[in-house]
Amino acid sequence: MDCEEVMLTVRITAAERGLLRELARGHGSDVSEVAADGLLDVIPALHGDAGVLRLLRVLSRPAPCAVTLWLPAPLADLLPLVGDRVTRASGLHIGPASAALAAALRLWLAEDPDQLAASLSRLHAHGQPVGVVPVVRSPALGARVAA
């Protein structure tokens, strides 16, 4: 049986958790939906070595808070590919899919909060239902990525 959603627990900072909750409240959704939207925004930016280096910098900072998220299965399927991309570029194995999720989510949350809110508004203004993951081929990641 295929799952429609996957539950993952990630480690982020208290400030990142607060920002995630604030963004969710501001858009009338839950943190899982905002995290999914954020991943749709940040994963395509990880195709180059510069994106991987930014991801590694985020991973080097401590993250004491645990947050459980429900992600659409097609989006969760991309996370090991992000981890593989980091390993190919740096030689560093970042671990399970939840580590790749945490790193990508923290990278997205490191952007300007006003820019994050604007990105969420644009995504929702274009009629994209929250949590729906359109999938395309990306030669940069060598596999499917969210559009």
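Please read these numbers as outputs of a predicted model, since none were measured by experiment.

Draft legend 1. Molecular detail of the overall build of the chain. When you go through the chain residue by residue, the secondary structure sums to 7 helices and 4 strands. Relative to its 147 residues, the chain shows a buried fraction of 42%. Considering only contacts in the chain between residues 6 or more positions apart, those separated by 24 or more positions represent 79%. When the accessible surface of the chain is split by element, carbon and sulfur atoms take 56% of a total near 7,400 Å².

Draft legend 2. Quick peek at the pattern of salt bridges. Applying the stated rule across the entire model yields 2 salt bridges. Residue Arg106 pairs with Glu16 through a salt bridge whose shortest N-O separation is 2.9 Å. Of this pair, Arg106 sits in helix H6 (residues 97-109) while Glu16 is found in helix H1 (residues 14-26), placing the two residues 90 residues apart along the sequence. Of the two residues examined, Arg106 and Glu16, each falls in the buried class. Via salt bridges that share partners, Glu16, Arg61 and Arg106 belong to a single interconnected network.

Draft legend 3. Quick look at the nonpolar core. One finds Leu71, Leu105 and Trp108 to be the most contacted residues of the largest nonpolar core, which totals 40 residues. Those residues within four positions of Leu71 in sequence are excluded, and the remaining contacts are Glu4, Glu5, Val6, Leu8, Ser32, Ala36, Leu39, Ala76, Leu79 and Leu101.

Draft legend 4. Structural detail: the environment of Val42. Turning to its location among the elements, Val42 is positioned in helix H2 (residues 31-42). Here Val42 falls in the buried class, since its relative accessible area comes to 2%. Counting along the chain gives 65 residues from Val42 to Leu107, while the straight-line C-alpha distance between them is 7.6 Å. Every residue in contact with Val42, bar those within four places of it in the chain, is listed here: Ala104, Leu107 and Trp108.

Draft legend 5. Quick peek at the environment of Glu22. In this fold, Glu22 is placed in helix H1. In this structure, the C-alpha to C-alpha distance between Glu22 and Val34, residues 12 residues apart in sequence, is 10.0 Å.

Draft legend 6. Structural context of the packing of H1 against H2. In contact at an axis separation of 8 Å, H1 and H2 are set at 100° when each is read in the N-to-C sense. Taken together, H1 and H2 sit at an angle that is classed as roughly perpendicular. Together, Leu20, Arg21, Leu23 and Ala24 of H1 and Val31, Val34 and Ala35 of H2 make up the contact between the two elements. Residue composition of the contact of H1 with H2, grouped by class: 6 nonpolar, no polar and 1 charged.

Draft legend 7. Region of interest: the side chain of Ser32. Inspection of the secondary structure puts Ser32 in helix H2. On the basis of relative accessible area, Ser32 is assigned to the buried category, the value being 9%. Setting aside chain neighbours within four positions, we find Ser32 in contact with Thr68, Leu69, Trp70 and Leu71.

Draft legend 8. Summary view of the environment of Leu75. Tracing the backbone shows Leu75 in helix H4 (residues 73-76). Here the alpha-carbon distance between Leu75 and Val6, two residues 69 residues apart in the chain, equals 9.1 Å.

Conventions used here
Residues numbered from 1 in each chain as written. Predicted model: local features only at pLDDT ≥ 70, side-chain atom pairs only at ≥ 80, totals over all residues. Heavy atoms only, no water. Helix = DSSP H or I, 4+ residues; strand = E, 2+ residues; numbered from the N terminus. Buried < 20%, exposed > 50% of the residue type's maximum accessible area, 1.4 Å probe, protein only. Contact = heavy atoms within 4.5 Å. Areas by Shrake-Rupley, 256 points an atom, 1.4 Å probe, with all protein chains shown as cover. Salt bridge = Lys/Arg side-chain N within 4 Å of Asp/Glu carboxyl O. Core = buried A, V, L, I, M, F, W, Y, C linked by side-chain atoms within 4.5 Å. Axes fitted to C-alpha atoms, helices over the stretch in contact; angles between N-to-C directions. Parallel < 35°, antiparallel > 145°, perpendicular 65-115°, else oblique. Nonpolar A, V, L, I, M, F, W, Y, C, P; charged D, E, K, R; others polar.

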